[in-house]
Amino acid sequence: MRKVALIAAGTLLAVACNKQVTTAHPENEGRDTQTFADLSKAKVKHLSLDIETDFNQKMIIGSAQYTFENNHADEIIFDTEKLTIDSVVLAHGKKTKYTLGEQDSIKGQPLHIEVSKNDTLVTIYYKTSPEAHALQWLDPAQTNDKKAPFLLTQGQAILTRSYIPIQDTPSIRITYDAKVKVPQGLMALMSAINPKEKSADGVYTFQMRQPIAPYLVALAVGDVEYQPIDHRTGVYAEPGMLKAAAWEFAEMGNMVTAAEQLYGPYPWEQFDVLVLPPSFPFGGMENPRLTFATPTAIVGDRSMTNLIAHELAHSWSGNLVTNSTWDDFWVNEGFTVYFERRIMEALEGKDYADMISVIGFQDLETSMRNIPEKYTSLKVDMTGANPDDAFSDVPYDKGYLFLKMLEDRYGREKFDQFLNRYFSSHAFQTMTTEKFIDYMKANLTNGEDDFVQEWIYTTGWPKDLKKPTSKLFDLAEAQFHQAIENGRANQPAKKVEISTKSTNEWVHFIRLIDPKKHTINDLKYFDEVYDFTHSNNPEIQTAWYEKAFLMKYDVVNPHAKAFLVKVGRRKFLEPLYLALKESNQMALAHDIYKAARPNYHFVARNTIDGMLNYKGN
């Protein structure tokens, strides 16, 4: 998943007083505390899903049949959230007893199913709730083309249990097949082998032959079409978005080739991208064979395609080698950010890769200031907490900086050889932090581990941190300072086309604005020259509206409101609502949020509700 950033004003590097911590519950080491399942007794191996989507009732109805390993168990336990269980049968249609346990505010309810020690097959007949947290049912008005409804799922981290009764933990891997019935005229897609054309009867079948973590079982239903990029990559999108998406992502095939040259053969045969409606809460979600992507990456100049590189990199780090628990989330994301930047360096050069590393570092600085200190270490303890609470730039960019430190310390050639072996030797397996450390000591550092405590288990900033730099940003900074001088010297404003620089350079340019040093007149001059307020680039819009909110440059307010109502990507929502909160504009924040909230996914609503202490409907 592409990261969620907590953006605030400025990017000052404040080296905090480090606090050494280790996992608070060593007895849970390697055990996922976010699942009710007892994997030592019974563990699912294959899912056969047979479901129908009901857009009128906003429900999924059907059955989930599992083949499972049975270690002399008298029950098998599944995770559920707001599911209605109609019946449960074992092999040969034999009904069996089941009970739903006590509701947990984070984990939902356990589903206990009676089995005998010889049972290895169970089928659960169920339906979802209209309020299922993983499901977002969109009316036609909420889509790009505004012609047909849309359904999307978001299972990470522990939301799959709200639309499939499942052992919802990355500690296991399953294969699956599915039969999905949808309204005629719509196409169903999954993280599996997908159709390229619509079915006449609205029935689609799927297979995922490689074992994946349950959070990667994904479904989307909508009026979409397909356009190939090359023999193993392509784009799905609503018809009105398809041409622009295919142009924006035209380098996907080259990305896959570059990734293979770095760390081995692509393990999933096909790499397609589905461009979702704008309410999708993330930049991307790395569902195998079918990455879900935000339309906000389509900016018209291919300058934000590192998002696609990130999701592609997940094909190795995350999908192939998966964090065993959500305490180890950095094992997915830190490796993926490092891999993403190596792909972009191969395609666009070191200067470009350095630029996105600086942007990532700026986001990390902000996260380190704004999240609870206990979540500023790489290894965290999520016992009793929602994994979503710890989502920040820390596992992404602090994880990247740790791996970059290893590269610098042991040399790129040796580090690349190490990563190649790491991915190939742990393919289709799970990984804990401690297992990785042991592997690293045996295969890279020759037993050295003097840096492990400070980098992985200690909160705050490591003492030997090397801050990224970018030559390209030096030029943007020079232009910024010249513009400030011109404005304050009453030089006449001369508008320029924003597209003359890359998106990342413009974001860095805007982030140089300091509310403590600069004035509303400076903002007005920038707007006259660059017309940031009317930009159609969501990265630029977010950076500019944030500064404008903080400095109460209210010219942007109607444009920012329209943006926040349309776009549901949490990376953009958080900094803007936070800026309104920090500038004591809560009435404006609530006014915008009341209008925008119905368009947001549950995970976005959950975040902004808490930020604004919002109690409305």
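Residues numbered from 1 in each chain as written. Predicted model: local features only at pLDDT ≥ 70, side-chain atom pairs only at ≥ 80, totals over all residues. Heavy atoms only, no water.

Attention now goes to the packing of aromatic side chains. What the rule picks out here adds up to 50 aromatic pairs. Where Phe55 meets Trp137, the ring centres are 5.1 Å apart and the plane angle is 90°; that geometry is what we call edge-to-face. Placement of Phe55 in the loop between β2 (42-54) and β3 (59-70) and of Trp137 in strand β9 (residues 135-138) is noted, with a sequence separation of 82 residues between them. Phe55 sits in the buried class, given a relative accessible area of 14%. Between Phe329 and Phe391, the aromatic rings sit 4.8 Å apart at their centres with planes inclined by 5°, giving stacked as the arrangement. In this pair, Phe329 is assigned in helix α4 (residues 329-348) and Phe391 in the loop between α5 (350-370) and α6 (394-410), connecting sequence segments 62 residues apart. Positioned over the ring face of Tyr226 is Lys196, at 4.9 Å from the centre of the ring. (Phe/Tyr/Trp six-rings, centres within 6.5 Å; stacked < 30°, edge-to-face > 60°. Helix = DSSP H or I, 4+ residues; strand = E, 2+ residues; numbered from the N terminus. Buried < 20%, exposed > 50% of the residue type's maximum accessible area, 1.4 Å probe, protein only. Lys NZ or Arg CZ within 6 Å of the ring centre and 35° of its normal.)

A word on empty space enclosed by the protein. Here the structure, examined in full by the defined rule, presents six cavities of 30 Å³ or more. Counted as a void, the second largest cavity has a volume near 110 Å³. Looking at the second largest cavity, it is lined by 13 residues, and the ones nearest its centre are Trp326, Phe329, Val380, Ala390 and Pro395. Where the lining of the second largest cavity is concerned, the elements lending two or more residues are α4 and α6. Counted by class, the lining of the second largest cavity contains 11 nonpolar, one polar and one charged residues. (1 Å grid on protein atoms, 1.4 Å probe; cavity = no way out; pocket = protein on both sides within 12 Å on 5 of 7 lines; lining within 4 Å. Points joined across faces, edges and corners; volume = space filled by probe spheres on them. Nonpolar A, V, L, I, M, F, W, Y, C, P; charged D, E, K, R; others polar.)

What follows is about the pairing of strand β17 (residues 271-275). Burial analysis of β17 places five of its five residues in the buried class, which makes it a mostly covered element. Because side chains alternate across β17, one face comprises the buried residues Phe271, Val273 and Val275, and the other comprises Asp272 and Leu274, equally buried. Where strand β16 (residues 233-237) lies against β17, four bridges are found, and the strand directions are parallel. Bridge pairing links Gly234 to Asp272 in β17. (Pairing = 2+ DSSP bridges.)

Considering only enclosed or pocket space, the second largest pocket measures out at about 530 Å³ in volume. Lining the second largest pocket are 23 residues, and of these Pro278, Pro295, Thr296, Lys566 and Val567 lie nearest its centre. Taken together, the elements giving at least two residues each to the lining of the second largest pocket come down to α1 (239-248), α13 (538-551) and α14 (557-566). Grouping the amino acids of the lining of the second largest pocket by side-chain chemistry returns 12 nonpolar, nine polar and two charged.

Our focus in this paragraph is α4. The end-to-end C-alpha distance of α4, which contains 20 residues, comes to 28 Å, matching closely the 28 Å that a straight helix rising 1.5 Å per residue would cover. With 16 of its 20 residues buried, α4 lies for the most part within the structure. (Expected span 1.5 Å × (residues − 1).)

In any sheet, the strands associate via hydrogen bonds between backbone groups, in a parallel or an antiparallel arrangement. The five strands are arranged β15-β16-β17-β19-β18 in an open sheet whose pairing can be described as mixed. Of all strands in the sheet, those with a lone pairing partner are β15 (225-230) and β18 (284-285), marking the two edges. Where β17 meets strand β19 (residues 290-293), four bridges bridge the pair, whose relative direction is parallel. Bridge assignment links Asp272 to a residue of β19, and that residue is Leu290. Along the sheet face, α1 touches β15, β16 and β17 and points at about 150° away from the line of β16. Where helix α2 (residues 252-263) meets the sheet, its contacts fall on β15, β16 and β17, and the angle it forms with β16 comes to roughly 135°. (Contact = heavy atoms within 4.5 Å. Axes fitted to C-alpha atoms, helices over the stretch in contact; angles between N-to-C directions.)

A general feature of soluble globular proteins is that nonpolar side chains tend to end up buried together. Core analysis: the largest hydrophobic core is formed by 202 residues, its most contacted members being Phe402 and Tyr577. If sequence neighbours within four positions are ignored, Phe402 has contacts with Trp330, Leu378, Phe436, Met440, Phe451, Trp455 and Ile456. (Core = buried A, V, L, I, M, F, W, Y, C linked by side-chain atoms within 4.5 Å.)

Right, let's talk about the pattern of salt bridges for a bit. If you walk through the whole model with that rule in mind, you get 27 salt bridges. Measuring nitrogen to oxygen at the nearest pair gives 3.4 Å for the salt bridge that ties Glu407 to Arg412. Using a relative accessible area of 30% as the deciding quantity, one classes Arg412 as partly exposed. Among the charged side chains, a network of salt bridges with common partners joins Glu345, Lys404, Glu407, Asp408, Arg412 and Lys466. (Salt bridge = Lys/Arg side-chain N within 4 Å of Asp/Glu carboxyl O.)

Positionally, Asp381 belongs in the loop between α5 and α6. For the pair Asp381 and Met405, spaced 24 residues apart in sequence, the C-alpha separation works out to 24 Å. Polar side-chain contacts of Asp381 include one of 2.8 Å to the side chain of Thr383. (Polar contact = N/O pair within 3.5 Å; in protein donor to acceptor, adjacent residues only side chain to side chain.)

Attention now goes to unusual backbone geometry. Most peptide bonds are trans, and most residues other than glycine sit at a negative phi. With omega at 5°, the peptide bond leading from Gln156 into Ala157 counts as cis. The topology assignment puts Ala157 in the loop between β10 (150-153) and β11 (174-181). Positioned with a positive phi, Glu269 is a non-glycine residue whose angle comes to about 65°. Its place among the elements puts Glu269 in the loop between α2 and β17. For Lys552, which is not a glycine, the phi torsion comes out positive at approximately 55°. Along the chain, Lys552 falls in the loop between α13 and α14. Relative accessible area serves as the criterion here: at 47%, Lys552 is assigned to the partly exposed category.

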